[in-house]
Amino acid sequence: MSSILLAILDPIDSLLLAPGTLSRANKRWHSAFVTIYCSRALLSLFNNSLPHKKKIEVSRSPFFTVDFKPDYGFKIDQAILTKLVKDKDVDNLQDIGGVLRVASSLETNVEFGIPADLVDIDHRHEAFGQNTYERPPTKSFFNFIVEAFKDLTIFILLGCAALSLAFGIKEHGIKEGWYDGGSIFVAIFLVIVVSSTSNFRQNRQFDKLSEVSNNIQVDVVRAGRRQQISVFEIVVGDVVCLKIGDQVPADGLFLDGHSLQVDESSMTGESDPVEVDCSHPFFISGTKVVDGYARMLVTSTPLQARLNKLTSTIGKVGLAVAFLVLLVLLVRYFTGNTKDEKGNREFNGSKTKVDDIVNTVVKIVAAAITIVVVAIPEGLPLAVTLTLAYSMKRMMADQAMVRKLSACETMGSATTICTDKTGTLTLNQMKVTKFWLGKESFLANAYSSIAPYILELFHEGVALNTTGSVFKPNSGSEIEFSGSPTEKAILSWAVLELNMEMKQLKQSRTIIFIEAFNSKKKRSGVLMRRMVDNTTHVHWKGAAEMILKMCSSYYDASGIIKYLDDVEKMKFEQIIEGMAASSLRCIAFAHKEVSEEYNGDDKECKKLEDDGLILLGLVGIKDPCRSGVKKAVEDCQYAGVNIKMITGDNIFTAKAIATECGILAPSQDSLSGAVVEGEEFRNYTPEERLEKVDKICVMARSSPFDKLLMVECLKQKGHVVAVTGDGTNDAPALKEADIGLSMGIQGTEVAKESSDIVILDDNFASVATVVMWGRCVYNNIQKFIQFQLTVNVAALAINFVAAVSAGEVPLTAVQLLWVNLIMDTLGALALATEKPTKELMEKPAVGWTEPLITNIMWRNLLAQALYQIAILLTLQFKGKPIFDVTEKVKDTLIFNTFVLCQVFNEFNARKLEKKNVFKGIHRNRLFLGIIAITIVLQVVMVEFLKKFADTERLNWVQWCSCIGLAAVTWPIGWIVKWIPVPQRPIFSYLKMKKI
């Protein structure tokens, strides 16, 4: 009874959920239909509850078939599919009819995939949606304005501005009294708007870059053809091919595959891999494949420490100076040592109005707080963000996508790069160029003389023991091969030269079990049964010397089996070494017919026979070196960056490639300690590893664990280490390294997620470019620090000395805020966007132990700051008689000279060591544009914003004097660069901590 009730109520439930977009007329029809349907349902229930009564016939009108959900033609809807995978309910899946029934309902051919036509794909988009996640909304410009207002110093300045405005209006009326407070408000507003605009633009740029990084390429089968598409283009019904290191792009069901294990820790928190097979066929989007390979049916588609220390140190100094200025000015005021514009004492005890006292105190506090605003280097984080963001954008054009901003700067400090060989130093365009059967080498046109039985064994060993595929178009166009470069090379050789028919082989053989390739064992095997004679065979393929150890006999050229004794093995080892010395990757094939125990469907078999095999033959695969690699290696070595090649290839291939690339000198070999094998390095004691790691240039036959060991050793020795990696097992080394560099083409999603920078073209030359960009970022940050510290030191010194001696500060709050704007935002933009030059690669790498502010920077900034202090204090105390001007004009001269000094000093900051600061300036249009904007705005401030900036107009003589005094910074900058500085950091003499 309950089952009948559920059967009736289920469709009623779906009927009640009518779309909310129906018109009024359709809603009436809907209500009428629901009433009729419910009546019939209840009547049916009543009839079923009366077993011995005569069945009442109710006429059913044929036109009452209404479906309020769009009919897309699929026999299963999204809700059922989503629930199926979410609940991982195997029983429910079996009730539906299994995975094959689901595929049929989705109109998917499990072998050939979905049709590749756009109409079908659009149809699936409409029915099931697109493979995109709902992204959180991007922060609006208003959010950044609100964040800027959260700054405590801004709050205090706003308070001071409000009080100043109130007292000014009360004292002088609204017409004249709003200038002081209003000017501070406008200046604060400008600072907030400029910084918010900059942050908003950078946030938008980061969003665009994250879209690029999330655009993963996925292998799918459509219309029988295996192809790569964007993860966002996947639709329900797609057949996706998964291998080790892939990210599962959507929810789905297991179709076929072997030894597949998935890491679901990101979803479930469980660290142990989950095995996915026919008994547990559920894939969850976002999980990672850690072993094996499979095909899945898509069912649903959801989809900086040192800088902080520096900022803190300068801020504390600025706070101390501001407090002293505040104290001095308050003491001078309340002791009657300050006078107004008419020469009268400002404070006369009880005679002074309370309003006047509060107004003066507010002005003093505003001046002190403004000193803090100028002193605290808020522009430093902005400069760092700007230079990193600018570099990120430019590095994308240079084939490097930065995933973590700090990696840009860190890469400039790299002292050692541990690089892979395949695809990074080489082109990854592999081709079989050598073939040995027994001890005889065969040329491409001589394969017809090989015994047919041997060719058949080769066909089996290639076609069934592979993760690649072959697609033969009906149109007669070229055959397409997919898979890893090694797999594609072997498949194309077997199809085009050995005439292998992959489709027929797979149809006439049954695969019982596969042991997938992994970087530790460096081999893969397959257990298969021939349908024609029901015999069972095991085929192995892998690194030649590994497979050779598993063999006890071999086939000669005529197909006769011969015993493989130690003498014969040595001859084969010499053949392998000869191919390796010619930079060939050596792959061996072996075979064995196994006992009858495998003739049943033994799915529990977890180990293939791996001894007593018959060696089928050897192939040599050529992977040419990239054309620009040798130059890139030389550039890195010239820049003081050590290059170490870590590869899974044998020692002879590794040495040949390393010598060709310039990593290994011809005189270097195993005896000198420059070349080791992974096992040898692994077996060293920790002390031996630390002693020998610096000498090693090449590590062959290495495992991912060996790479991790080397990174740990190098870091212990004080190196800043960059590591390239493409495999899932490289993830620990990529995370351990100071900079992880993953490969964009061959890299797995696991490797990319563990890395800091993705090399989009897999080219080592791009790695060298990243080093140059990293140094450029570091250098640009140093330039800005030198420029900003010069302003800080000068501004603090001038205001403090003037406050102590004269009881007033020559630079008002608005003027200091304007200087702050020039220094923080415009200065950051000008200096943070300098492009890298070859000069950067002429200096040794800067390690972690080097101070951020070098002796050279101290020399430059102190010389400029002392000159500015001397000139401005001279103007403060002697400016009136020298220029025969009023007090207000003198203050304007000080402000104008101070700003122009910063403009001229920006040119000096372009080159920390080089005397010619104008070299290459014509190529940086942004720098020239910012200088021009700054000068124009300064003219406007002085000449047209008299009330706002508290300035007086200057005549041509006074302008020329200001420009002349500021221009002296250029010859001073040129002269001081002749002064030598010690290599040892200056603070080490004072036993102070390095900044």
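Residues numbered from 1 in each chain as written. Predicted model: local features only at pLDDT ≥ 70, side-chain atom pairs only at ≥ 80, totals over all residues. Heavy atoms only, no water.

### Considering the overall build of the chain
Okay, step 1: The number of helices and strands found in the chain is 35 helices and 26 strands.
Okay, step 2: A total of 995 residues make up the chain; the buried ones form 51% of that total.
Okay, step 3: Approximately 46700 Å² of the chain is accessible, and the part contributed by carbon and sulfur atoms is 58%. (Helix = DSSP H or I, 4+ residues; strand = E, 2+ residues; numbered from the N terminus. Buried < 20%, exposed > 50% of the residue type's maximum accessible area, 1.4 Å probe, protein only. Areas by Shrake-Rupley, 256 points an atom, 1.4 Å probe, with all protein chains shown as cover.)

### Quick notes on the packing of aromatic side chains
Okay, step 1: For the structure shown, the criterion picks out 16 aromatic pairs.
Okay, step 2: With 5.2 Å between their ring centres and 80° between their planes, Phe435 and Phe458 make a pair best called edge-to-face. You can see Phe435 sitting in strand E10 (residues 431-437) and its partner Phe458 sitting in helix H15 (residues 452-463), a full 23 residues away along the chain. The exposure classification of Phe435 matches that of Phe458, with both residues buried.
Okay, step 3: Here the aromatic residues Phe435, Phe442, Tyr447, Phe458, Trp493 and Phe589 are joined through ring pairs into a cluster of three or more.
Okay, step 4: When the ring centre of Phe927 is taken as origin, the NZ or CZ atom of Arg910, which lies over that ring, is 5.7 Å away.
Okay, step 5: The aromatic ring of Trp978 is capped on one face by Lys915, whose charged end is 4.2 Å from the ring centroid. (Phe/Tyr/Trp six-rings, centres within 6.5 Å; stacked < 30°, edge-to-face > 60°. Lys NZ or Arg CZ within 6 Å of the ring centre and 35° of its normal.)

### Here's the deal with helix H24 (residues 704-716)
Okay, step 1: Across its 13 residues, H24 extends 19 Å between first and last C-alpha, which sits within 8% of the 18 Å expected from 1.5 Å per residue.
Okay, step 2: Within H24 the residues assigned to the buried category are Pro704, Asp706, Lys707, Leu708, Leu709, Met710, Val711, Cys713 and Leu714.
Okay, step 3: Looking at the residues trailing H24, positive phi occurs at Gly718, about 95°. (Expected span 1.5 Å × (residues − 1).)

### Side note on helix H30 (residues 887-909)
Okay, step 1: In this model, H30 (23 residues) spans 33 Å end to end at C-alpha, consistent with the 33 Å of a helix rising 1.5 Å per residue.
Okay, step 2: Burial analysis of H30 places 21 of its 23 residues in the buried class, which makes it a mostly covered element.

### Things to note about the confidence of the model for the chain
Okay, step 1: On average, the chain scores 79 in pLDDT, and the residues at 70 or more come to 77%.
Okay, step 2: Taken as a whole, residues 41-71 scores under 50 in pLDDT and shows 20 contacts with residues more than four places along the chain or in a different chain.
Okay, step 3: Predicted confidence for residues 599-603 stays below pLDDT 50, and this span has eight contacts to residues more than four positions away or in other chains. (pLDDT = per-residue confidence, 0-100. Contact = heavy atoms within 4.5 Å.)

### Structural notes on the pairing of strand E21 (residues 642-646)
Okay, step 1: Across the five residues of E21, four count as buried, placing the element largely inside the fold.
Okay, step 2: Across four bridges, the pairing between strand E9 (residues 416-419) and E21 is parallel. From the neighbouring strand, Thr419 faces E21, where its bridge partner is Met645.
Okay, step 3: Relative to strand E23 (residues 698-700), E21 runs parallel, the two being bridged by two bridges. By the bridge assignment for E23, Met645 is matched with Val698. (Pairing = 2+ DSSP bridges.)

### Topic: the packing of helix H29 (residues 855-883) against H30
Okay, step 1: Interhelical geometry of H29 versus H30 gives an angle of 155° and a closest axis separation of 9 Å. Judged on the interaxial angle alone, H30 and H29 are roughly antiparallel. For the pair H29 and H30, the crossing hand works out as right-handed. Contacts between H29 and H30 involve Gln864, Gln868, Ile871, Leu872, Leu875, Gln876, Gly879, Lys880 and Phe883 from the first element and Glu887, Lys890, Asp891, Leu893, Ile894, Thr897, Phe898, Cys901, Gln902, Asn905 and Asn908 from the second.
Okay, step 2: Counted by class, the contact of H29 with H30 contains eight nonpolar, eight polar and four charged residues. (Axes fitted to C-alpha atoms, helices over the stretch in contact; angles between N-to-C directions. Parallel < 35°, antiparallel > 145°, perpendicular 65-115°, else oblique. Left-handed = near helix turned anticlockwise from the far one by under 90°. Nonpolar A, V, L, I, M, F, W, Y, C, P; charged D, E, K, R; others polar.)

### A closer look at unusual backbone geometry
Okay, step 1: Phi angles above zero are rare outside glycine, and Glu107 is one such case at about 60°.
Okay, step 2: With respect to the helices and strands, Glu107 occurs in the loop between helix H5 (98-105) and helix H6 (118-128).
Okay, step 3: A residue is classified by how much of its surface remains accessible, and Glu107, at 45% relative accessible area, is partly exposed.
Okay, step 4: With phi around 70°, Gln399 is a residue other than glycine that occupies positive phi space.
Okay, step 5: Within the element layout of this structure, Gln399 appears in the loop between helix H13 (379-397) and strand E8 (400-402).
Okay, step 6: We classify Gln399 as partly exposed; its relative accessible area is 32%.

### Some remarks on the sheet that holds strand E25 (residues 739-743)
Okay, step 1: Read from one edge of the open sheet, eight strands run E8-E26-E25-E24-E9-E21-E23-E22, paired in mixed fashion. Strands with a single pairing partner mark the edges of an open sheet, and in this sheet they are E8 and strand E22 (675-677). If you compare each strand with its neighbour and ignore which way they point, the axes differ by 20° on average.
Okay, step 2: Across three bridges, E8 lies against strand E26 (residues 757-759) in antiparallel orientation. Bridged to Val402 within E26 is Ile757.
Okay, step 3: Where H24 meets the sheet, it contacts E9, E21, E23 and strand E24 (721-725), and its direction lies at approximately 170° from that of E24.

### With respect to the pairing of E10
Okay, step 1: Sheet topology places E10 next to strand E20 (residues 613-622); five bridges connect them, and they run antiparallel. Among the inter-strand pairings, Lys434 is bridged to a residue of E20, identified as Gly620.
Okay, step 2: Counting the residues in the hairpin turn of E10 and strand E11 (residues 440-441) gives two residues, including Gly438, whose phi is positive at 65°.

### A closer look at empty space enclosed by the protein
Okay, step 1: The space that makes up the largest cavity amounts to roughly 60 Å³.
Okay, step 2: Every residue along the wall of the largest cavity is listed here: Gln786, Thr790, Asn860, Leu861, Gln864, Asn905, Asn908, Gly973, Val976 and Lys977.
Okay, step 3: At the level of elements, helix H27 (764-806), H29, H30 and helix H34 (969-976) are the ones that each hand at least two residues to the lining of the largest cavity.
Okay, step 4: Of all the elements, H29 adds the most residues to the lining of the largest cavity, at three residues.
Okay, step 5: Grouping the constituent residues of the lining of the largest cavity by class yields two nonpolar, seven polar and one charged. (1 Å grid on protein atoms, 1.4 Å probe; cavity = no way out; pocket = protein on both sides within 12 Å on 5 of 7 lines; lining within 4 Å. Points joined across faces, edges and corners; volume = space filled by probe spheres on them.)

### Considering the nonpolar core
Note that soluble globular proteins tend to have their nonpolar side chains buried in a common cluster.
Okay, step 1: Counting residues in each nonpolar core, the largest one holds 59 residues, and the members touching the most others are Met411, Ile417, Ile663, Ile739, Ile757 and Phe764.
Okay, step 2: Here this core takes twelve residues from H27, the largest share from any one element.
Okay, step 3: If sequence neighbours within four positions are ignored, Met411 has contacts with Ile417, Ala722, Ile739, Leu741, Val767, Val770, Val771 and Gly774.
Okay, step 4: Listed in part, the 50 residues of the second largest apolar core include Leu831, Phe898, Phe907 and Val917. (Core = buried A, V, L, I, M, F, W, Y, C linked by side-chain atoms within 4.5 Å.)

### Description of a nonpolar patch on the surface
Okay, step 1: A cluster of nonpolar side chains, namely Phe323, Leu324, Leu327 and Val331, defines an oily patch on the protein surface of about 370 Å² accessible area.
Okay, step 2: Tracing the backbone through its elements, the reader meets Val331 in helix H11 (residues 305-334).
Okay, step 3: With a relative accessible area of 47%, Val331 lands in the partly exposed category. (Patch = residues over 30% accessible without salt bridge, like charges linked within 9 Å, V, L, I, M, F, W, Y side chains within 5 Å. Salt bridge = Lys/Arg side-chain N within 4 Å of Asp/Glu carboxyl O.)

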